[in-house]
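Structural description and commentary
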Amino acid sequence: MSVSRTNEYGQPIGPDVPGWSARQRPPRTPAQGRLCRLEPLDPARHADDLVAAFQQAADGRAWTYLTVGPYTDPAVHRAWLDKAAASEDPLHHAVIDLATGRAVGTLALMRIDPANGVAEVGHVTFSPLLQRTPISTEAQYLLMRRVFDELGYRRYEWKCDSLNEPSRAAAQRLGFTFEGIFRQAVVYKGRSRDTAWFSMLDSEWPARKAAFERWLSPGNFDAQGQQRSRLGDLA
């Protein structure tokens, strides 16, 4: 980072943030897209769909890098959904496929810091019905739009196990910038985790938003639903 100014003691200091004030916490309200809707997680409405969607997975690999799961017992899975729904931070959302009306995955806002305008996306738990679909990208876009456009936050974070190559690739595809590795940052499932950090800033969001909206537009997909342009090519 280049140093542009100093204080009265000759020490380098960061830029002012004129008019900054603490932001609001994320609301428990839906976020509507063209392909999906994010809803605050409600087991009474979403648990049956989510349990059924994850039972379609051939194995438990989707849970390897999460702190919970895999769930082979639907009752245990439901118990976790009950616990997750009661949490304020992380604030879990169900992803509703508008074509079917069913919940097909969850993701959360977490480490929410209104005073500094920072939040992280985490607990990204996508069933086989959601993985590698345009809906999965739109779900991420809707949460980003809430953080930056609705709430006016300054920084949005993505963190994952440094060994989780699909997550790292997803972060970069979605426009996050890699910031480095925090060594031995977490112990989970009895093993040590080095954490890879990524971020997106409010100054970067307008260009990222435009790329998302071009990619998600119906004209970017052919009759078979295949993308014409990659998201990274539109940034």
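Owing to the predicted nature of the structure, the values given are computational and were not obtained by experimental measurement. (Residues numbered from 1 in each chain as written. Predicted model: local features only at pLDDT ≥ 70, side-chain atom pairs only at ≥ 80, totals over all residues. Heavy atoms only, no water.)

**Details of the environment of Leu50**
- Relative to the assigned elements, Leu50 resides in helix H1 (residues 43-54).
- In this structure the C-alpha to C-alpha distance between Leu50 and Cys36, which are 14 residues apart in sequence, comes to 15 Å.
- Apart from the residues lying within four places of it in its own chain, the contact partners of Leu50 are Leu41, His77, Leu81, Ala103, Val104, Gly105 and Thr106. (Helix = DSSP H or I, 4+ residues; strand = E, 2+ residues; numbered from the N terminus. Contact = heavy atoms within 4.5 Å.)

**A short note on the sheet that holds strand E1 (residues 31-32)**
- Strand order in the open sheet made by the eight strands is E1-E2-E3-E4-E5-E6-E8-E7, with mixed pairing throughout. Either end of the sheet is taken by a strand with one partner, and the two such strands are E1 and strand E7 (177-188).
- Pairing geometry for strand E3 (residues 91-97) and strand E4 (residues 102-113), over seven bridges, is antiparallel. When the bridges of E4 are listed, Val95 appears paired with Gly105. (Pairing = 2+ DSSP bridges.)

**A short note on the packing of aromatic side chains**
- Summed over all chains, the structure comprises 13 aromatic pairs.
- When the ring of Phe182 is compared with that of Trp197, the centres are 4.3 Å apart and the planes differ by 20°; the resulting orientation is stacked. One end of the pair, Phe182, is in strand E7; the other, Trp197, is in strand E8 (residues 191-201), with 15 residues separating them in the sequence.
- Summarising the aromatic geometry, the rings of Trp215 and Phe221 are spaced 5.1 Å apart at their centres and angled 80° between planes, so their arrangement reads as edge-to-face. Accessibility classification places Trp215 together with Phe221 in one group, the buried group.
- The side chain of Arg154 reaches across the aromatic face of Trp20, ending 5.9 Å from its centre. (Phe/Tyr/Trp six-rings, centres within 6.5 Å; stacked < 30°, edge-to-face > 60°. Buried < 20%, exposed > 50% of the residue type's maximum accessible area, 1.4 Å probe, protein only. Lys NZ or Arg CZ within 6 Å of the ring centre and 35° of its normal.)

**Considerations on unusual backbone geometry**
- For the peptide bond that leads from Gly69 to Pro70, omega is 0°, which places it in the cis range.
- Along the chain, Pro70 falls in the loop between H1 and helix H2 (74-85).
- Pro90 follows Asp89 through a cis peptide bond whose omega is 10°.
- If you trace the backbone, Pro90 turns up in the loop between H2 and E3.
- Positive phi, normally seen in glycine, also occurs at Arg111, with a value near 45°.
- Even without being glycine, Arg132 reaches a positive phi, approximately 60°.
- Mapped onto the elements, Arg132 comes out in the loop between strand E5 (118-126) and helix H3 (134-150).

**Details of the pairing of E7**
- Here E7 runs beside E8; their pairing, made up of eight bridges, is antiparallel. Across the sheet, Thr177 pairs through a bridge with Ser199, a residue of E8.
- Hairpin connection between E7 and E8: a loop of two residues separates the two successive antiparallel strands, and Lys189 in this loop has a positive phi of roughly 50°.

**As for the pattern of salt bridges**
- Evaluated as defined, the whole model comprises 15 salt bridges.
- In this structure, Arg5 engages Asp16 in a salt bridge whose closest nitrogen and oxygen atoms are separated by 2.8 Å. Residue Arg5 is located in the segment before E1, and its partner Asp16 is located in the segment before E1; the two are separated by eleven residues in the primary sequence.
- On the basis of relative accessible area, Arg5 is assigned to the partly exposed category, the value being 29%.
- The network of salt bridges with common partners includes Arg111, Glu120, Arg155, Glu157, Lys159 and Glu179. (Salt bridge = Lys/Arg side-chain N within 4 Å of Asp/Glu carboxyl O.)

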